[in-house]
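Reading the structure
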Amino acid sequence: MSNKEAALDIKYRANGFISKLYALRKIIKKKKYIPKTLAYLFLGAGALVMITPFLWMVGTSLKSLHEVFVFPPTLFGEELRWENYLRISDRFPFFQFFLNSLRITVIVVISQVLTSSMAGFTFARLRFKFRDHLFALYLATMMVPVHVTLIPNFILMRHLGLMNTHAALILPALVTAFGTFLMRQFFLTIPAALEDAAKIDGCTPFGVYWRIFLPLSKPAIATLSVFVFMGMWNQFLQPLIFLNTKENMTLPLGLAFTQGFFSTDWPVLMAGTVLSLLPVIVAFLLAQDFFIRGVTLSGLKGE
Amino acid sequence: MVMFKKNKLMTGIVVVLVVLGLVFGGIILTRPPIEPEDVAAEPVVEEPVVEDPAEEPVEEEITLHFVGWEASPLETESVQKGLDSFMTQNPNITVEYMPVPHAEYETKLITSMAGGAAADVFFVGTELYRSLHLKGQLLDITEYFEAELELDYFIPSAASIMVINDRIYGVSSCTVSPILFYNRDIFDKAGLPYPPKNPDEAWTWNEFLEVAKQLTIVEGGETKQFGAFGFENPAWPYMKIAMFLSNEGDVFNEDFTETTMNTPEVKEVLQAVFDLRQKYGASPEALVLEHLGMSPSHMLQTGRVAMLIDGSWALQELAQMDFPVGIGVLPKFERAVTHGQAHLHSAWIDTPNPYEAWRLISFLSSEEYQLDLIRSGLWMPNRTALYTEEGIARWFNPDVHPEGFMDVIPFIRDAVAYPFAFNVRPATMDIIAEELGAFFNGGKPLDETLTDIESRVNEELAREQ
Amino acid sequence: MRRINFNRILYSDTTWAFILLLPNFLGFMIFLMVPMVVSFGMSFVSWDLFGPVRWVGLGNYIELFFEDQVFRRVFWNTLYFTAVTVPISIVLSLLLALAMDQKIIGIRFFRVAYFMPVISSMIAVAIVWQWIYNPEFGLLNYILGLIGIEGQSWLSDVFLAMPAIIVVAIWQGLGFNMLLFLAGLQGISEIYYEAAEVDGAGWFQKFWNITIPLLAPTTFFILVMAVIGALQAFDAVYLMTAGGPARATSVLAHYLFQNAFQYFRMGYASAIAYVLFFLVLSFTLIQLRRQRAWFL
């Protein structure tokens, strides 16, 4: 099967690391780096450290305020106060903030996936003048700290009259150098054979992109989507700076707002935190398989 | 290695971009900063508004955006209640109140102003008041003020803070001061007399220290009960400043161009506060951050500390805590004094509804609005009329105000204006907090700390713009 | 192999390159390149957000490097933070990835567990860890107490605050790095290991001579991303300690933020931003030179 040979060929020729990420053959290994039991212990201990704070979060969300600060620390209170979850809305309009976050995040994810895949394809497969210079420039900007662009963006938004709008958060995030890079690396691993076959059948470069590369890139898209979703959903600094009114604010701000100056309603705050984590966890769980695949391999046959 | 081979081209591009940037930067920044007419603000007005304060306003539907920080959920409730009352009295005005967490408040206020999208009326902390005025962001409400009120109506500390160069840009609704709280049960158990309530009978620092030592109980190498807590909150020298003043020291000189912290008076205070914990073990480690867990009030309630030095606002929470809390005046060095201040309510210079904004500010500083929050213990009045016998009777609440509170009232009324209210450099507070932090928690010698404070603060105050 | 078509425009690479790249490029220019360049220009002025702009030439930079002791402190803090966070995180995540790479029961559970800190918002993380570090009621001091170590005021102690934040940063980033390492590991062909086994190599030799070298590009990428992230860290500091106590945890990004949005010094903040940028740039270039593994 020429495809499989082509695949193996790519694999051994690939010299970049990301191409390894998308290695074409799934290999289940029993590498025996360390004895298995040790591995279990290690992983288990680590997992415990990772999870414990979240367990406490959930437990506290069901306590009453005076049960929070007790010594020795307890996981749960006397009774499970599920009403804490309802009281979140007393502190801030949870649903509104949730929708705002969702709206912003979804728009950004879609936009970034589209623009990154288009640009990634362009850099990976199309030849034009200055291509490599331009790509190098893109790479360089990945190193620019967010704060460098924050202030000028702030000024720009002000001049455009977009302060306190979602546009102020969405516009700077429509495009990403990181996403472009990711997609490009992925596209590099798709064998030229496929592309050539398509061209012989009379495809324009756009057709190659749309009909061949894009469908094949589901794992990479899943990966990118999860990263972007995570980033935008949890973004704190930009919403803090750009949003002013309750109608517009996002979930991270809502959580921050539950903290009073002198006293904080901790159980309600925890309830809000738990709720705000759920979407990202769900997104991760759903995309987990794609996501892992996307990071480690890509099936030649797409689906 | 693409990046390194095409050096010349890249250099060329970089140079072009740099030049562009300087040009761009210049153009963008030299345009007038705020053009509110171009800015799509929130839907504030539905119909044009009359701007002349002397004219009777036409009854149109106006929405005011009001922003503040939340000291506690209880306070937000009270504020909202007050606002409901205001809206009933002014049916054409709707007030949308949004509390912002205190930690983010300053940033939020400044960025919203810089972004041309600030609220109509907002809290202004005393430390930021004069800075914001300097930046031209506060509406001059002097005319409105003089039409309805007089400066004499307000206690001296509040009045002096509100006035900048004989004009008024904000009005405060209350005052708060550092004060001493104590747990009566602990004193009863130890058989010690309660802390004095009358400023004339205030304890000297040494008397205070003695009591604190006696009330510190150590069992099995662990301190079960501390004598006192609250002076040492290095991130915020609020409580200590009262002691500076008490010792005839101060943070700044008369015209606020230099710091006077490097003086023996201030040094004495800092050393005494430090010794309270370090030498005598009578005070626990300070909890640096406000929302780090248990509030100082809980510590008093549970008997972890016998005496708590905190702002008078803590009374609201303490009174709800179901334990016999007492209140007293602060110990003194040379004279019994505390400082007073409170956030002001100001209007944004570019608010489309200055008259309505004033109506709100006026309401917020009215006796009617204050009373509820004073009764809850969160605030103390800033109106002289509320300090007369009849005045006090209007807000005194036996459920909240502890025994002997009547004697403490003059202490707060006669408070000195909080020095930081007159400072215009926000960075100053951070510098002092940082240095004091190094002293209290980082082992930095006191002399060095004070000299560094002096040089750094003076440098900051002298810096242009 | 490319067939030359009649309709050269329709099938030309350049045309489509232009079209496909345009949206991305536009966004890139407007919201990335131009702001970068404007920021550069702004670092030469003094501006308080409301008043006029004043040209100061190199004044900001001179003040930063020669007169501002906070900057020095903050610069050092940033380096300290990065130098500790990155190596520990990389080593730990590599070990975790090695462990995860075997056939483990419940691997899905482990994956979710390790990824939860990564996907959590910084606010949630800050709140939870503030409790963990609480001197009176926190989990950490409780556990330490059980094994007889005295509890400390982690976030209030001038010397312990930064390590405390570092732990949180590592905690949050482990899952991500682990995943990337996993990917890299699974890209190493079985053949190498089989060959080595034939030659009688033990597990350590396999690890040292095959895994590590072949993992180099992955490691390089993770290293670069981790360093870039650590140098710019802001949220954790701002939310957990506000730079305190006594500036012990204040990093460059935090000082930048304060100058821009609290001290009315936009120009100065831009100068700090560019120092940060050059810091990131130099680290990356150094890495590039050393690795000579250009990931193109």
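Residues numbered from 1 in each chain as written. Chains lettered and ligands numbered in written order. Predicted model: local features only at pLDDT ≥ 70, side-chain atom pairs only at ≥ 80, totals over all residues. Heavy atoms only, no water.

**Some points on the sheet that holds strand 3 (residues 121–124) of chain B**
All names here are of chain B.
- If you walk across this open sheet you meet the five strands as 2-1-3-13-6, and the pairing is mixed. Edge positions in the open sheet fall to strand 2 (93–100) and strand 6 (171–172), since each of these has one partner strand only.
- For strand 6 and strand 13 (residues 344–347), the ladder comprises two bridges, and the chain directions are antiparallel. Bridging from a neighbouring strand, Ser172 pairs with Leu344 of strand 13.
- Sheet strands touched by helix 14 (residues 354–364): strand 1 (62–69), strand 2, strand 3, strand 6 and strand 13. Its angle to strand 1, the strand with the most contacts, is close to 45°. (Pairing = 2+ DSSP bridges. Helix = DSSP H or I, 4+ residues; strand = E, 2+ residues; numbered from the N terminus. Contact = heavy atoms within 4.5 Å. Axes fitted to C-alpha atoms, helices over the stretch in contact; angles between N-to-C directions.)

**Overview of helix 7 (residues 139–146) of chain C**
- Of the positions making up helix 7 of chain C, those classed as buried are Leu139, Asn141 and Leu144 of chain C.
- Where helix 7 of chain C is buried, its residues touch helix 3 (36–61) of chain A together with helix 6 (122–132) of chain C.
- Two residues or fewer after helix 7 of chain C comes Gly148 of chain C, characterised by a positive phi angle close to 85°. (Buried < 20%, exposed > 50% of the residue type's maximum accessible area, 1.4 Å probe, protein only.)

**Some thoughts on the environment of Thr111 of chain B**
- Following the sequence through the fold, Thr111 of chain B ends up in helix 4 (residues 102–114).
- If we skip the residues at most four places from it in the chain, Thr111 of chain B touches Phe154, Met163 and Ile241 of chain A together with Phe261 of chain C.

**Considering the interface of chain C and chain A**
- Listed as interface residues are 115 residues of chain C and, on the opposing side, 111 residues of chain A.
- Note on chain C versus chain A: buried area summed over both sides is about 10500 Å², and carbon and sulfur give 76% of it.
- The largest per-residue losses of area from chain C upon contact with chain A belong to Leu20, Phe31 and Ile119 of chain C, which jointly make up 7% of the total buried on that side.
- Where chain C meets chain A, there are zero salt bridges.
- Joining chain C to chain A, the criterion identifies 11 residue pairs in polar contact (both at pLDDT 80 or more).
- When residues in the side of chain C that touches chain A are grouped by element, the largest group, 20 residues, is from helix 2 (residues 13–42) of chain C.
- Grouping the amino acids of the side of chain C that touches chain A by side-chain chemistry returns 84 nonpolar, 20 polar and 11 charged. (Buried area = accessible area lost by both parts, 1.4 Å probe. Salt bridge = Lys/Arg side-chain N within 4 Å of Asp/Glu carboxyl O. Polar contact = N/O pair within 3.5 Å; in protein donor to acceptor, adjacent residues only side chain to side chain. Nonpolar A, V, L, I, M, F, W, Y, C, P; charged D, E, K, R; others polar.)

**Describing the side chain of Ser312 of chain B**
All names here are of chain B.
- By the secondary structure assignment, Ser312 is in the loop between strand 10 (305–311) and helix 13 (314–319).
- The exposure class assigned to Ser312 is buried, which follows from its relative accessible area of 6%.
- Discounting residues that sit within four places of it in the chain, Ser312 has contacts with Thr175, Val176, Ser177, Ile179, Phe181, Gly377, Leu378 and Met380.

**Concerning the sheet that holds strand 7 (residues 178–183) of chain B**
All names here are of chain B.
- Strand order in this open sheet of five strands is 8-9-10-7-11, and the pairing throughout is mixed. Each end of this open sheet is capped by a strand with a single partner; those strands are strand 8 (217–219) and strand 11 (325–328). Mean inter-strand twist for the sheet, computed between neighbouring axes without regard to direction, equals 25°.
- Sheet strands touched by helix 9 (residues 205–214): strand 7, strand 9 (222–229) and strand 10. Its angle to strand 10, the strand with the most contacts, is close to 135°.

**Observations regarding the domain arrangement of chain B**
Residues and elements named next belong to chain B.
- Taken domain by domain, chain B comprises domain 1 (62–175 + 342–395) and domain 2 (178–337 + 425–462).
- The C-alpha-based centres of domain 1 and domain 2 are spaced at 29 Å.
- Each partner contributes residues to the interface: domain 1 has 11 residues there, and domain 2 has nine residues.
- Along the contact surface separating domain 1 from domain 2 lie zero salt bridges.
- The tally of links between domain 1 and domain 2 comes to one residue pair in polar contact (both at pLDDT 80 or more).
- Sorting the residues of the side of domain 1 that touches domain 2 by element identifies helix 3 (73–89) and helix 5 (126–134) as the ones contributing at least two each. (Domains from an automatic or database assignment.)

**Observations regarding the packing of helix 3 of chain B against helix 14 of chain B**
Residue and element names in this part refer to chain B.
- Two numbers describe how helix 3 lies on helix 14: the axes approach to 11 Å, and their chain directions differ by 130°. Relative to helix 14, helix 3 is oriented oblique. Considering only the axes of helix 3 and helix 14, their crossing is right-handed. Between helix 3, through Gly82, Leu83, Ser85, Phe86 and Gln89, and helix 14, the contact on the second element is made entirely by Arg359, Leu360, Phe363 and Leu364.
- Tallied by class, residues from the contact of helix 3 with helix 14 come to five nonpolar, three polar and one charged. (Parallel < 35°, antiparallel > 145°, perpendicular 65-115°, else oblique. Left-handed = near helix turned anticlockwise from the far one by under 90°.)

**Remarks on the nonpolar core**
Residues and elements named next belong to chain B.
- Core analysis: the biggest nonpolar cluster contains 355 residues, and Phe66, Phe181, Trp205, Phe208 and Met307 have the highest contact counts within it.
- Counting residues domain by domain, this core receives three or more from each of domain 1 (62–175 + 342–395) and domain 2 (178–337 + 425–462).
- Excluding its chain neighbours within four sequence positions, the residues that come into contact with Trp205 are Phe231, Met243, Ala272, Val273, Leu276, Pro331, Lys332 and Phe333. (Core = buried A, V, L, I, M, F, W, Y, C linked by side-chain atoms within 4.5 Å.)

**Topic: the packing of aromatic side chains**
- Applying the stated criterion across every chain yields a total of 71 aromatic pairs over all chains.
- When the ring centre of Phe264 of chain C is taken as origin, the NZ or CZ atom of Lys135 of chain B, which lies over that ring, is 4.9 Å away. (Phe/Tyr/Trp six-rings, centres within 6.5 Å; stacked < 30°, edge-to-face > 60°. Lys NZ or Arg CZ within 6 Å of the ring centre and 35° of its normal.)

**Notes on unusual backbone geometry**
- A positive phi angle, close to 70°, is found at Phe130 of chain A, a residue other than glycine.
- Secondary-structure assignment places Phe130 of chain A in the loop between helix 6 (94–125) and helix 7 (131–141).
- We note that Asp166 of chain B has phi near 65°; this positive angle belongs to a residue other than glycine.
- By the element assignment, Asp166 of chain B lies in the loop between strand 4 (163–164) and strand 5 (167–168).

**Let's talk about the pairing of strand 13 of chain B**
All names here are of chain B.
- Burial along strand 13 is two-sided: the face carrying Leu344 and Ser346 and the face carrying His345 and Ala347 are both buried.
- Across four bridges, strand 3 lies against strand 13 in antiparallel orientation. Bridge pairing links Phe123 to His345 in strand 13.

**Focus: the packing of helix 9 (residues 190–198) of chain C against helix 10 (residues 203–231) of chain C**
All names here are of chain C.
- For the pair helix 9 and helix 10, the least separation of the axes is 11 Å and the interaxial angle reads 160°. Here helix 9 lies roughly antiparallel to helix 10, going by the angle between them. Judged by the sense of rotation from one axis to the other, the crossing of helix 9 with helix 10 is right-handed. Between helix 9 and helix 10, the residues in contact are Tyr192, Tyr193, Ala196 and Glu197 and Lys206, Ile210, Thr211 and Leu214, respectively.
- Class assignment for the residues of the contact of helix 9 with helix 10 results in five nonpolar, one polar and two charged.

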